[in-house]
Amino acid sequence: MIKLLVADSHPIVRKGLELLFVTSPHIQVIGGVDNGEAIFDFLKEHRIDIILCEIDLPKLNGITALRRLKREHPEVKTIMFTSQPEEIYAINTIKAGADGYLNKAANIITLKEAILKVHEGGTYLSNDIAQQMTLGRRVTRSGSVYKKLSTREIEVLKLLSSGRKNKEVAHELNINEKTVSTYKARLMKKLNVNNIVDLISRAKLLEL
């Protein structure tokens, strides 16, 4: 039996996934948490095979939680199960250590396929993203912009656009405040803006 933990801030999503697999002979949702920090509290008490993890999580965002999971619980596999744009996040989260990336718009059959593939040691990506990785390039609707940003830069930009101050970003990502300032300056240069207001506006245009 594959044991799942659902990390999502929306209770309907957590309960819905639990009910979805209640009759499954192969997959069981044994718990749900509503923030990134709670993932690690749960793992202290339970054995988990796979985590279905949203990127937008309070306290500790999904990408930061993913990095920590790879350090502290390398045996646990993670599928990023999110409504965030695939063309921005899929390849970056795989590079950060995710075992799969699935958009919440996917159907039930696809979700089950992703879980089984990851459990068997594979990596799950949509056909489009898999082809892009095979070709060693990223083709997106705003490709030149997306190519400019690293995974960490996307994390910083997302947190800044949600209203976090430099100190708060530093605390959440476990980096120092000076490093956050460096990332902010780098983001402004790459996105061709001169102030934080324009930077946040650009982030919204990118649908981060």
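Rules behind the numbers
Residues numbered from 1 in each chain as written. Predicted model: local features only at pLDDT ≥ 70, side-chain atom pairs only at ≥ 80, totals over all residues. Heavy atoms only, no water. Axes fitted to C-alpha atoms, helices over the stretch in contact; angles between N-to-C directions. Helix = DSSP H or I, 4+ residues; strand = E, 2+ residues; numbered from the N terminus. Parallel < 35°, antiparallel > 145°, perpendicular 65-115°, else oblique. Contact = heavy atoms within 4.5 Å. Nonpolar A, V, L, I, M, F, W, Y, C, P; charged D, E, K, R; others polar. Pairing = 2+ DSSP bridges. Salt bridge = Lys/Arg side-chain N within 4 Å of Asp/Glu carboxyl O. Buried < 20%, exposed > 50% of the residue type's maximum accessible area, 1.4 Å probe, protein only. Core = buried A, V, L, I, M, F, W, Y, C linked by side-chain atoms within 4.5 Å.

Participant: Residues and numbers for the packing of helix α8 (residues 151–161) against helix α10 (residues 177–190), please.
Facilitator: At a closest axis distance of 10 Å, the pairing of α8 and α10 adopts a crossing angle of 95°. With respect to α10, the element α8 is oriented roughly perpendicular. Residues Arg152, Glu153, Val156, Leu157 and Leu160 of α8 pack against Tyr183, Lys184, Arg186, Leu187 and Lys190 of α10. Broken down by class, the residue content of the contact of α8 with α10 amounts to 5 nonpolar, no polar and 5 charged.

Participant: An account of the sheet that holds strand β5 (residues 100–103) is requested, with residue identities and associated values reported.
Facilitator: Spatially, the 5 strands line up as an open sheet ordered β2-β1-β3-β4-β5, and their pairing is parallel. Both outer strands of the open sheet, β2 (27–33) and β5, are each paired with one neighbouring strand and no more. The sheet shows a mean angle of 25° between the axes of neighbouring strands, direction not considered. Packed on one face of the sheet, helix α2 (residues 36–45) meets β1 (2–7), β2 and β3 (50–53) and runs near 125° to β2. Each of β1, β2, β3, β4 (77–82) and β5 is contacted by helix α5 (residues 108–119), which is oriented at about 160° to β4, the strand it contacts most.

Participant: Provide a residue-level description of the pattern of salt bridges, including the pertinent values.
Facilitator: Two side chains of opposite charge can pair, provided their charged atoms sit close to one another. A full pass over the atoms with the stated rule returns 14 salt bridges. When the shortest N-O distance is used, the salt bridge between Lys104 and Glu54 registers 2.8 Å. Placement of the pair is Lys104 in the loop between β5 and α5 and Glu54 in the loop between β3 and α3 (62–72), with a sequence separation of 50 residues. Note on Glu54: relative accessible area 5%, which makes it buried. When the shortest N-O distance is used, the salt bridge between Asp56 and Lys158 registers 3.1 Å. Linking Asp56 in the loop between β3 and α3 with Lys158 in helix α8, this pair joins segments that are 102 residues apart in sequence. Each of Asp8, Glu54 and Lys104 takes part in salt bridges that share partners, so that together they form one network.

Participant: Outline the nonpolar core, supporting the account with residue identities and numerical values.
Facilitator: The tendency in soluble globular proteins is for nonpolar side chains to be buried as a group. Residues Ile39, Ile51 and Leu199 are the most contacted members of the largest nonpolar core, which totals 48 residues. With residues up to four places along the chain from it excluded, the contact list for Ile39 reads Leu5, Ala7, Val33, Ile51, Cys53, Leu57, Ala65 and Leu69. Grouped together as the second largest cluster of nonpolar side chains are 17 residues, Ile79, Leu102, Ala114 and Val118 included.

Participant: Report on unusual backbone geometry, specifying residues and quantitative values.
Facilitator: A positive phi angle, near 70°, is found at Lys59, a position not held by glycine. Looking at the secondary structure, you find Lys59 in the loop between β3 and α3. Lys59 sits in the exposed class, given a relative accessible area of 59%. Phi at Asn192 is positive, roughly 60°, even though this residue is not glycine. Tracing the backbone through its elements, the reader meets Asn192 in the loop between α10 and α11 (196–205).

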